[in-house]
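Observations on the model geometry
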There are 2 protein chains.
Amino acid sequence: MEGFITTRILKGDICYSTDKQTLKTVPDGYLVCENGLVKGVFEQIPKQYQKLPMEDYSGKLIIPGLTDLHVHAPQYSFRGMKMDLELLDWLNTNTFPEESKYQDLEYAKRAYEIFVNDLRRGGTTRASIFATLHVPATKLLMELVDDAGIEAYVGKVNMDRNSPDYLCEANALAASMETAQWLVETQDAYEHVKPIITPRFIPTCSDELMSMLARVQKEFQVPVQSHLSENAGEIAWVRELVPESRFYGDAYDGIGLFGGEVPTIMAHCVHSTLEEMKLMKERGVYIAHCPQSNENLTSGVAPVRLYLDEDMKIGLGSDVAGGANLSIFRAMTDAIQVSKLRYRLLSEQLKPITMEEAFFMGTKGGGSFFGKVGSFEEGYECDALVLDESRIPHPQELGLKDRLERFLYLSGDDGVFHKFIKGHKIF
Amino acid sequence: MEGFITTRILKGDICYSTDKQTLKTVPDGYLVCENGLVKGVFEQIPKQYQKLPMEDYSGKLIIPGLTDLHVHAPQYSFRGMKMDLELLDWLNTNTFPEESKYQDLEYAKRAYEIFVNDLRRGGTTRASIFATLHVPATKLLMELVDDAGIEAYVGKVNMDRNSPDYLCEANALAASMETAQWLVETQDAYEHVKPIITPRFIPTCSDELMSMLARVQKEFQVPVQSHLSENAGEIAWVRELVPESRFYGDAYDGIGLFGGEVPTIMAHCVHSTLEEMKLMKERGVYIAHCPQSNENLTSGVAPVRLYLDEDMKIGLGSDVAGGANLSIFRAMTDAIQVSKLRYRLLSEQLKPITMEEAFFMGTKGGGSFFGKVGSFEEGYECDALVLDESRIPHPQELGLKDRLERFLYLSGDDGVFHKFIKGHKIF
C-alpha cells in the first residue's frame, strides 16, 4: 500500500544541484513532497505542511534520483566480459550474437529479469533503454520495467543493413510498419514506461529505413535515441555510407531525426566536430556521456568541458555493456576521472570536470529529458534516494559535500537504502 | 582453531597465472595445500593427498590472493574526497593535515581499525603499507595488521624538509636514529608484519636523511619503498633539489636506495625516462602501478605495456588515498581501462594491456616481492580466495575466464567469500 502514497516529508541531510556549478546542501533538512511533486527543501517544516506524514532519515544523505540516459538492456548479460575489442569488432563478436538470443522469449525473460532487478535496487529512477529488434521481447522488457516502477523510455531497435542475417530486419517497409504497430500497442499501455524510436545507428540503418522512421516519428510524436560519433572507424564508415552528409550528425539531420521538435538523445559524441556540436546545440540534442564505455571500447574521451561550458544538454549513460557497471554513481566518478586523463594526455585546453558538474549531469542534467526531474527545486517530480553510509565508516564528522563525494567513489548502487519515484516509495 | 590448520584441499573452479600471458583455468579442480605451501592444482586428487581434509567449493571460483604493493593506511580516512587537486597541492591541502592527526594514538586507533577491517575482509593477502612518521601509531598499525593475519610490510615514514612544521622530523640524525630504534623493536616482533624503510619521496627527504637511511638499511637489511616520477611538477622539483642527479631515480640510486641488493618498491613511474627504466630494470626495482591514483591526481598513465614487455618487476597498488578504492580487483580493471585511454589519446605505440596481464600484475607480479607468492604453482605459499558470484547472476553457463573477468569488473572485494593466507583460513 505504501507505494500509493505520494505525499510525505523526508527528513535528512539533503544534497541537490540547482545548476551545474551549484550543489545545495541542507543538513537536517526537510524535503516536502506533495502528490509526487517537490514543494521545497526547508530547514524547518513550513506551517502548511506540518500535518504531512514524515519519514525520519536523520543522519542519512537524501539526494535526487539518478538518470541513465543510455543503456542496452539485452547487453546486461555480457557486461564485464570480452573487453579486449573496439566498437565495430565488439558489435560483431559479442553484441549481435547475444542480442539475437532475445528472439527466444524464455531467454529474454531470464535475462531481462536480472537486468530489471538490478536496475530497481540501484540509484537509477529514470532511464532511456535500448532493447533489441524483437517486438515480443521488447514488450516483455517494457512490462518488467513498468512493474518495477522505473520511469523509462524503451526502444525496439531498428537495423536493416550491415547486420548479420540472424539479427536484421527484412526491409525498411516491414521494419517501419512493425515499429508503427509496436507504437500503437505500447504508447499508452504502461504507467511508467513509454516507447522511443531507436534506429541503432547510421551504419545499420538504410536511408529508406531512416526516412520511414522519421515519418513514423512525426505521426506518433515520440522521442528518438541513437548513437553518434563514438569511434573513428564508425565515423569513417558513415562518411562512406552517406556521402552527401557534411558530418555524422548531419546524416541524422538530413532525414529529420536530430532534435529540434524531436526530443533526441545521442549517445557518446566523443569525436564530434565543432560543426556537429553547433548543430546539436541549436537543435537541443541530448548528449548521453558514457565515460566507462568510451574507455572499455577504446573510443576516447568526449569533450565534456566544452559541452558544459556551451550549456548544451547533457546527462550520463552507463552504456551497459560497453560500460560494465549499471551504476550512475560510478558513471559520475568515471566522468571525472576520464576528463582528468583527457586533460593530461590530450589537451590542457579543456579543464577536468568537477564533482559538482558530474553530480549535476547524473541528476538534473539527464533528468531534464524527462521534464522537471533530477532536482529538489519546487515543482520537480519527487525522485529521491536515501543513502546508507554505514559500510564506509569514517573516524570523524564530515560535511555533506565530502560525504556525498565519498559515497559516489566508494559505495554507489549498493548503498541505496530507500528509493522514491514521483513520490512513490519503490523500497 | 581453524586458523591454525594449514593443510587442506580446496575444491572449485580454479584460475591462476603462470606467466603474464597465461591464465590457467581448471574447472572442478583440486588445490592441494600442505603446511601452507601449494603442492599443485589437479583434476583428480593424487593418491598421496587423498586423506587430506577437503573443503568443497564446487561451482565457486578459487584464485590466488592479491597483493597491494602501495597503500597509505592513514589516508584511508579521506579516500574518495577532495579529488580536485594535483599531487603537490593535494599533499599540502589534504594529506599532511590528516597524517598529522596520527600523533594522537586514540585517533590512530579509530582510523586504523577501519582500514584494517576493510583490508582484512577484501581480497588483499599481501600489502606494502605506508604509515606516518609517528612511531607509536606505526607500531599500533603493525599490531592491527598482524592481528588480522595479513602478510605485510609497514613503513614508518621519513620526511625532514619541505614539510609543514606539524608533520616534519626535527633533523636527519634524530630521524634516522628513531628509525633504527623502531627497526630494532619491530623487526622480529610480529608473525605476519615486517618493517620497511620508507623515505616519503626525495622532495621531503634531505640528502643527509637519505644517506643515513641508506646506512640504516645496510645495517638492518630491510627493504625500501618510496615514490618515483609520478607528476611533472614533482619531477622538476627533484631536478632542482638534487641537481647532480641525471634523472629522478638516479637521486635514489646515488645514495644506494634503488634496488640491486636492496629490495625496493617505487610507486607510480608514470613519467620515467628510458634511462630511468633501464636502471630500474638493471636493479630489479619493483614498480607499483597505481592506475586510479594516477587518474584522480591527474598524473597521467604509466607505460605499463613497456614495463611488461621488458619483463620488469611490476605489481599493482591501490595507492589509497590517491586512489579511492582499496580493492586490487578494481586496480586490475582500472589498469586495463587507463591503458586503453593512453593508447587512444597519447600514443598508439603501446597497446592496451589485457585482462590476463592485469590479473598477473595483481597476483603473481606484485606477489613475487614477498617470495613465491601469487600463484598456485608447486612450492608457492598458499594465499587463496574463494569468490562468491551470487550477486552477479547470469542467464547462461559461462567459462571460467569469462566468470573471472566479470568478477573483476562487477564484484571485487565485496564478493570475497573465503580467504586463506599461507594456508591459514582468515575467514
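This report concerns the structure included in the present document.

The rules behind each value
- Residues numbered from 1 in each chain as written.
- Chains lettered and ligands numbered in written order.
- Predicted model: local features only at pLDDT ≥ 70, side-chain atom pairs only at ≥ 80, totals over all residues.
- Heavy atoms only, no water.
- Helix = DSSP H or I, 4+ residues; strand = E, 2+ residues; numbered from the N terminus.
- Rg over C-alpha atoms; globule rule 2.2 N^0.38 Å.
- Buried < 20%, exposed > 50% of the residue type's maximum accessible area, 1.4 Å probe, protein only.
- Contact = heavy atoms within 4.5 Å.
- Least-squares fit on C-alpha atoms with pLDDT ≥ 70 in both.
- Axes fitted to C-alpha atoms, helices over the stretch in contact; angles between N-to-C directions.
- Parallel < 35°, antiparallel > 145°, perpendicular 65-115°, else oblique.
- Nonpolar A, V, L, I, M, F, W, Y, C, P; charged D, E, K, R; others polar.
- Left-handed = near helix turned anticlockwise from the far one by under 90°.
- Pairing = 2+ DSSP bridges.
- 1 Å grid on protein atoms, 1.4 Å probe; cavity = no way out; pocket = protein on both sides within 12 Å on 5 of 7 lines; lining within 4 Å.
- Points joined across faces, edges and corners; volume = space filled by probe spheres on them.
- Expected span 1.5 Å × (residues − 1).
- Buried area = accessible area lost by both parts, 1.4 Å probe.
- Salt bridge = Lys/Arg side-chain N within 4 Å of Asp/Glu carboxyl O.
- Polar contact = N/O pair within 3.5 Å; in protein donor to acceptor, adjacent residues only side chain to side chain.
- Phe/Tyr/Trp six-rings, centres within 6.5 Å; stacked < 30°, edge-to-face > 60°.
- Lys NZ or Arg CZ within 6 Å of the ring centre and 35° of its normal.

1. With respect to the overall build of chain A
When helices and strands are tallied, chain A shows 13 helices and 17 strands. The C-alpha atoms of chain A give 21 Å as radius of gyration, which agrees with the globular expectation for 427 residues (22 Å, within 12%). The principal-axis extents of the C-alpha atoms in chain A amount to approximately 60 × 50 × 40 Å. Taking all 427 residues of chain A together, the buried fraction comes to 69%. A sequence separation of at least 24 residues applies to 75% of the contacts in chain A between residues at least 6 apart.

2. A few points about the relation of the copies chain B and chain A
After a rotation of 180 degrees and a shift along the axis of 0.0 Å, chain B superposes on chain A with an RMSD of 0.0 Å. Classification of the inter-copy transformation places it as that of a two-fold axis. A share of 100% of interface residues in chain B that are also interface residues in chain A marks the association as one of identical surfaces.

3. Brief notes about the side chain of T204 of chain A
Within the element layout of this structure, T204 of chain A appears in the loop between β10 (198-199) and α5 (207-220). The residues touching T204 of chain A, leaving out its near neighbours within four places in the chain, are N158, M159, D160, R161, N162 and S163 of chain A.

4. Notes on the packing of helix α11 (residues 328-345) of chain A against helix α13 (residues 400-410) of chain A
All names here are of chain A. Close contact between α11 and α13 brings their axes to 7 Å; oriented N to C, the two are set at 95 degrees. Accordingly, the angle class assigned to the pair α11 and α13 is roughly perpendicular. From α11, F329, M332, T333, I336 and Q337 reach across to α13, where they touch F407, L408 and Y409. Split by residue class, the contact of α11 with α13 holds six nonpolar, two polar and no charged.

5. Concerning the packing of helix α12 (residues 355-367) of chain B against helix α13 (residues 400-410) of chain B
Residue and element names in this part refer to chain B. Packing of α12 against α13 leaves a shortest axis separation of 11 Å and a crossing angle of 65 degrees. Considering the angle they form, α12 stands roughly perpendicular to α13. Considering the relative orientation of α12 and α13, their crossing is left-handed. Contacts between α12 and α13 involve M355, E356 and F359 on the former and, on the latter, K401, L404, E405 and L408. Residue composition of the contact of α12 with α13, grouped by class: four nonpolar, no polar and three charged.

6. Some points on the environment of E143 of chain B
Residue and element names in this part refer to chain B. Turning to its location among the elements, E143 is positioned in helix α3 (residues 135-148). Classification of E143 as partly exposed rests on a relative accessible area of 40%. With 46 residues separating them in the primary sequence, E143 and A189 have C-alpha atoms 9.1 Å apart.

7. Digging into the sheet that holds strand β13 (residues 286-289) of chain B
Either a parallel or an antiparallel arrangement is found when strands of a sheet pair, and the pairing is made through backbone hydrogen bonds. Residues and elements named next belong to chain B. If you trace the four strands from one edge of the open sheet to the other, you get β11-β12-β13-β14, paired in parallel fashion. Every interior strand has two partners, whereas the edge strands, β11 (224-228) and β14 (314-316), have only one. Here the strands of the sheet are splayed against their neighbours by 30 degrees on average, with no regard to which way each runs. Pairing between β11 and strand β12 (residues 264-268): five bridges, direction parallel. Among the inter-strand pairings, Q225 is bridged to a residue of β12, identified as I265. Those strands touched by α12 are β13 and β14, and its axis lies near 105 degrees from that of β14.

8. Concerning empty space enclosed by the protein
By rolling a water-sized probe across the atoms, one finds the places where empty space is left. Tallied over the entire structure, the rule returns eight cavities of 30 Å³ or more. In this structure, the largest cavity encloses a volume near 120 Å³. As for the largest cavity, its lining consists of 14 residues, and the residues nearest its centre are H72, L87, L91, H227 and E230 of chain B. Classifying every residue of the lining of the largest cavity gives five nonpolar, six polar and three charged. A volume near 100 Å³ is recorded for the second largest cavity. Along its surface, the second largest cavity is lined by H72, Q75, L87, W90, L91, R200, F201, H227, E230, H268 and D319 of chain A. The biggest single contributor to the lining of the second largest cavity is helix α1 (residues 87-100) of chain A, with three residues. Considered class by class, the residues forming the lining of the second largest cavity number four nonpolar, four polar and three charged.

9. Thoughts on α3 of chain B
Residue and element names in this part refer to chain B. Look at α3: 20 Å from first C-alpha to last across 14 residues, which is about the 20 Å you get at 1.5 Å a residue. Where burial is concerned, most of α3 is hidden: 10 out of the 14 residues are buried. Within the sequence span of α3, burial applies to V135, A137, T138, L140, L141, M142, L144, V145, D146 and A148. As for α3, its buried residues are in contact with α2 (105-121), β6 (124-130), β7 (151-155), α4 (172-186) and β9 (193-195). With its phi angle positive at about 80 degrees, G149 sits one or two positions after the end of α3.

10. Focus: the interface of chain B and chain A
With 52 residues of chain B at the interface, the matching set in chain A holds 52 residues. Across the chain B/chain A interface, buried area totals approximately 4,700 Å², and carbon plus sulfur atoms make up 50% of it. Scanning the region where chain B abuts chain A turns up six salt bridges. Of the charged contacts, one joins K82 of chain B and D402 of chain A as a salt bridge, the two residues approaching to 3.0 Å between their closest N and O atoms. Joining chain B to chain A, the criterion identifies 32 residue pairs in polar contact (both at pLDDT 80 or more). Mapped onto the side of chain B that touches chain A, the elements with two or more residues apiece are α2, α9 (291-296), α11 (328-345) and α13 of chain B. Ranked by the residues each element gives to the side of chain B that touches chain A, the list is headed by α11 of chain B, at 10 residues. For the side of chain B that touches chain A, the class distribution of residues is 20 nonpolar, 13 polar and 19 charged.

11. Topic: the packing of aromatic side chains
One pass over the structure, following the stated rule, counts 26 aromatic pairs over all chains. Geometrically, the ring pair formed by Y286 of chain A and F369 of chain A is edge-to-face, given 5.1 Å between the ring centres and 80 degrees between the ring planes. Remark: F369 of chain A occurs in the loop between α12 (355-367) and β15 (384-387) and Y286 of chain A occurs in strand β13 (residues 286-289); sequence separation between them is 83 residues. Relative accessible area serves as the criterion here: at 8%, Y286 of chain A is assigned to the buried category. In this structure F369 of chain A comes out as buried when scored by relative accessible area, which is 10%. Clustering of aromatic rings is evident, with ring pairs tying together Y153, Y286, F369 and F370 of chain A. In this arrangement the basic side chain of K60 of chain B is found over the ring face of F417 of chain B, its NZ or CZ atom lying 4.8 Å from the centre. Residue placement shows R79 of chain B over the ring face of Y76 of chain B; its charged tip is 3.7 Å from the ring centre.

12. Some details on the layout of surface pockets
Size it by volume and the largest pocket reaches roughly 1,200 Å³. As for the largest pocket, its lining consists of 40 residues, of which L410, S411 and D414 of chain A together with S411 and D414 of chain B are closest to the centre. When contributions to the lining of the largest pocket are tallied by element, the ones reaching two or more residues are α2 (105-121), α11 and α13 of chain A together with α2, α11 and α13 of chain B. Looking at side-chain class alone, the lining of the largest pocket contains 14 nonpolar, 12 polar and 14 charged residues.

13. Some words on unusual backbone geometry
A321 of chain A follows V320 of chain A through a cis peptide bond whose omega is 10 degrees. Looking at the element boundaries, A321 of chain A is found in the loop between β14 (314-316) and α11. In this model, D28 of chain A sits at a positive phi of 50 degrees, which is unusual for a non-glycine residue. With respect to the helices and strands, D28 of chain A occurs in strand β2 (residues 22-34). When its relative accessible area of 43% is taken as the criterion, D28 of chain A is described as partly exposed. A positive phi is found at K422 of chain B, a non-glycine position, where the angle reads about 50 degrees. Relative to the helices and strands, K422 of chain B resides in the loop between β16 (416-421) and β17 (424-425). Accessibility expressed as a relative area gives 28% for K422 of chain B, which makes it partly exposed.

Coordinates in, geometry out; function isn't part of it.
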